[in-house]
Amino acid sequence: MRPAPPAQRATRDTAATPGPSGPAAPAAPEATSAAPQIQLIPATPDGALDAAEEAVDLLLDSGRTPGDVLVITTGELHPWAAHELSFGDAAYWAQHDAGDDVFYTDATVADRAASRAVVVVALNGGPEAAAVTALTTAHSRAGALLIVCGDPQRINSVLGAGV
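The structure presented is a predicted model; accordingly, all values stated were derived computationally and were not measured.

How each quantity is defined
- Residues numbered from 1 in each chain as written.
- Predicted model: local features only at pLDDT ≥ 70, side-chain atom pairs only at ≥ 80, totals over all residues.
- Heavy atoms only, no water.
- Helix = DSSP H or I, 4+ residues; strand = E, 2+ residues; numbered from the N terminus.
- Buried < 20%, exposed > 50% of the residue type's maximum accessible area, 1.4 Å probe, protein only.
- Contact = heavy atoms within 4.5 Å.
- Areas by Shrake-Rupley, 256 points an atom, 1.4 Å probe, with all protein chains shown as cover.
- Phe/Tyr/Trp six-rings, centres within 6.5 Å; stacked < 30°, edge-to-face > 60°.
- Core = buried A, V, L, I, M, F, W, Y, C linked by side-chain atoms within 4.5 Å.
- Pairing = 2+ DSSP bridges.
- Axes fitted to C-alpha atoms, helices over the stretch in contact; angles between N-to-C directions.
- Expected span 1.5 Å × (residues − 1).
- Salt bridge = Lys/Arg side-chain N within 4 Å of Asp/Glu carboxyl O.

> Tell me about the overall build of the protein chain, and name the residues and values.
In terms of helices and strands, the protein chain carries five helices and five strands. The linear arrangement of helices and strands in the protein chain, starting from the amino end, is β-α-β-α-α-β-β-α-β-α. Looking at the protein chain as a whole, 42% of its 163 residues qualify as buried. Taking as baseline every contact in the protein chain between residues at least 6 positions apart, the subset at least 24 positions apart corresponds to 77%. Put simply, the protein chain shows about 7,800 Å² of open surface, and 54% of that area lies on carbon and sulfur atoms.

Rendered as structure tokens:
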């Protein structure tokens, strides 16, 4: 049994009833062979990881299973990824292969991750190349829904205007 990660996803009382200041719960469309639905959540690089965490919480609260969700960061690693990597690369990727929990990875190695129904990208800093890699990889790995947390202009420049 592995120890609990240092930062657990906390249930947010406000997440179940988002108001005008918070994003609505992401939809849970059925997976199809079509391109994934894309949802943008405007956020600064400093707020992108928090926005991604809130999106994950809302997904789980709306019935998504944890194994349906992949989270990719472009800057600092998510605390869960950093914690799991402290047990070594093999143990970290074994968590991915088990597919029974939300998996957090960095843009530089996201191409190793398998497709999941939902991919959440946090544009939380890093070089422009990391954003391009993360968004390109995420778009190819998302089965039904791609949620991107970051600067809308930056996202549109990579994924295409009008997204």
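From this point on, the discussion continues.
> Give a description of the packing of aromatic side chains that names residues and reports values.
On inspection of all chains with the given rule, the structure shows six aromatic pairs. Between the aromatic rings of W80 and Y92, the centroid separation amounts to 6.3 Å while the plane-to-plane angle is 45 degrees, which identifies the pairing as tilted. Here Y92 lies in helix α3 (residues 89-98) and W80 lies in helix α2 (residues 79-85), a separation of twelve residues in the sequence. On the accessibility criterion, W80 (5% relative accessible area) is buried. Taking relative accessible area as the criterion, Y92 reaches 2% and is therefore assigned buried. Ring plane angle 80 degrees and centroid distance 5.1 Å describe the contact between Y92 and W93, whose orientation is recorded as edge-to-face.

> I'd love a proper account of the nonpolar core, names of residues and values included.
In this structure, I72, V120, V121 and I147 are the most contacted members of the largest nonpolar core, which totals 41 residues. At the level of elements, α1 (48-61), β2 (69-73), α2, α3, β3 (103-106), β4 (116-122), α4 (128-141) and β5 (142-150) are the ones that each hand at least two residues to this core. Beyond its immediate stretch of four places on either side in the chain, I72 contacts T105, D106, A107, A110, V119, V120, V121, A122, A134 and A138.

> Lay out the sheet that holds β2 in plain terms, naming residues and giving numbers.
The five strands lie next to each other as β1-β5-β4-β2-β3, forming an open sheet whose pairing is parallel. In this open sheet, the two strands that pair with only one neighbour each are β1 (37-42) and β3. Across the sheet, the mean angle separating the axes of adjacent strands is 20 degrees when strand polarity is ignored. Strand contacts of α4: β1, β2, β4 and β5, with the helix running at about 155 degrees to β5, the strand carrying the most contacts.

> Just give me the short version of α4, but keep the residues and values in it.
The end-to-end C-alpha separation of α4 is 20 Å, in line with the 20 Å expected for 14 residues at 1.5 Å each. Of the surrounding secondary structure, the elements contacted by the buried residues of α4 are β2, β4, β5 and α5 (152-159).

> Kindly report on the pattern of salt bridges, identifying the contributing residues and their values.
Throughout the structure, instances matching the rule amount to three salt bridges. Its salt-bridge partner being R112, residue D89 comes within 3.5 Å of it at the nearest N-O pair. With D89 in helix α3 and R112 in the loop between β3 and β4, this residue pair connects regions lying 23 residues apart in the sequence.

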